[in-house]
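Understanding the architecture of this molecule
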Amino acid sequence: MGVNGPAVWVRVEGKGNFLNSGSLKEFAQEMVTRGYREFVIDLEHCAMMDSTFMGTMAAVALRLKELGQGHLHVVRAGERSRDLLSGLGLDQIFDIHSNGAVAPECEQMKENARLGADTQKKERTEPMLEAHQALCDATPENISRFKDVLDYLKQDLHQTTAGK
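Reference entry: report on the structure contained in this document. (Residues numbered from 1 in each chain as written. Predicted model: local features only at pLDDT ≥ 70, side-chain atom pairs only at ≥ 80, totals over all residues. Heavy atoms only, no water.)

Positive phi outside glycine occurs at arginine 76, with the angle close to 50°. Within the secondary structure layout, arginine 76 lies in strand E6 (residues 71-77). (Helix = DSSP H or I, 4+ residues; strand = E, 2+ residues; numbered from the N terminus.)

It is characteristic of soluble globular proteins that their nonpolar side chains tend to be buried jointly. Ranked by size, the top nonpolar core spans 26 residues in total, and within it Phe39, Leu43, Met57, Val74 and Leu85 carry the most contacts. Looking at this core element by element, the count peaks at 7 residues for helix H2 (residues 51-67). In this view, leucine 43 contacts Val12, Met49, Val74, Val75, Arg76, Ala77, Ser81 and Leu85; residues no more than four positions away in its chain are not counted. One finds Leu129, Cys136, Leu150 and Leu153 within the second-largest nonpolar core, a separate group that totals 5 residues. (Core = buried A, V, L, I, M, F, W, Y, C linked by side-chain atoms within 4.5 Å. Buried < 20%, exposed > 50% of the residue type's maximum accessible area, 1.4 Å probe, protein only. Contact = heavy atoms within 4.5 Å.)

Time to look at H2. Between its terminal C-alpha atoms H2 stretches 24 Å, which fits the 24 Å expected from 17 residues at 1.5 Å a residue. Restricting attention to buried positions, one finds in H2 the residues Phe53, Met54, Thr56, Met57, Ala58, Val60, Ala61 and Leu64. The distance from a side-chain oxygen at the start of H2 to the backbone nitrogen of threonine 52 is 3.1 Å, and the residue carrying that oxygen is aspartate 50. Where H2 ends, the next residue or the one after it, glycine 68, has phi of about 80°, a positive value. (Expected span 1.5 Å × (residues − 1). Polar contact = N/O pair within 3.5 Å; in protein donor to acceptor, adjacent residues only side chain to side chain.)

In contact at an axis separation of 8 Å, helix H1 (residues 18-33) and H2 are set at 15° when each is read in the N-to-C sense. Overall, the two elements H1 and H2 adopt an arrangement that is roughly parallel. Note on packing geometry: the crossing formed by H1 with H2 is right-handed. Facing H1, whose interface residues are Phe18, Asn20, Ser21, Leu24, Lys25, Ala28 and Val32, H2 presents Thr52, Phe53, Thr56, Met57, Val60, Arg63, Leu64 and Leu67. Tallied by class, residues from the contact of H1 with H2 come to 9 nonpolar, 4 polar and 2 charged. (Axes fitted to C-alpha atoms, helices over the stretch in contact; angles between N-to-C directions. Parallel < 35°, antiparallel > 145°, perpendicular 65-115°, else oblique. Left-handed = near helix turned anticlockwise from the far one by under 90°. Nonpolar A, V, L, I, M, F, W, Y, C, P; charged D, E, K, R; others polar.)

Shown next as structure tokens:
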């Protein structure tokens, strides 16, 4: 779950069921409170959904409808997922896109997510590099201990920065 630009992106890995419905509900409520009105549920890696999970998705879509703005899009839904959602009439309250089809904003959101991951990696790597460099600066004996770590972190940071 995450936010990319104006939309909230939820990728379901494995099962969408009663065990993770509460987390989806809480997350969606918080995002709506923060002003987000576009939700994308990616079902590419969803093995199955139970009625509790589908009902939670419906509740998000209905809340957006109640607010009079926003949409819930389901993307990369396989045939089984489409059949389950349509069988409950949920295709009437949110858009369901088949495998390979995406909501208009999804490709840009995926790119933004990739860039965000690179930024997070850089934000983690720089302090690690600085900390190990400080250990080496503090005690010259640490240079031999942490040379490989420093080389790896420098290379990793360079690849992350060069990838942008």
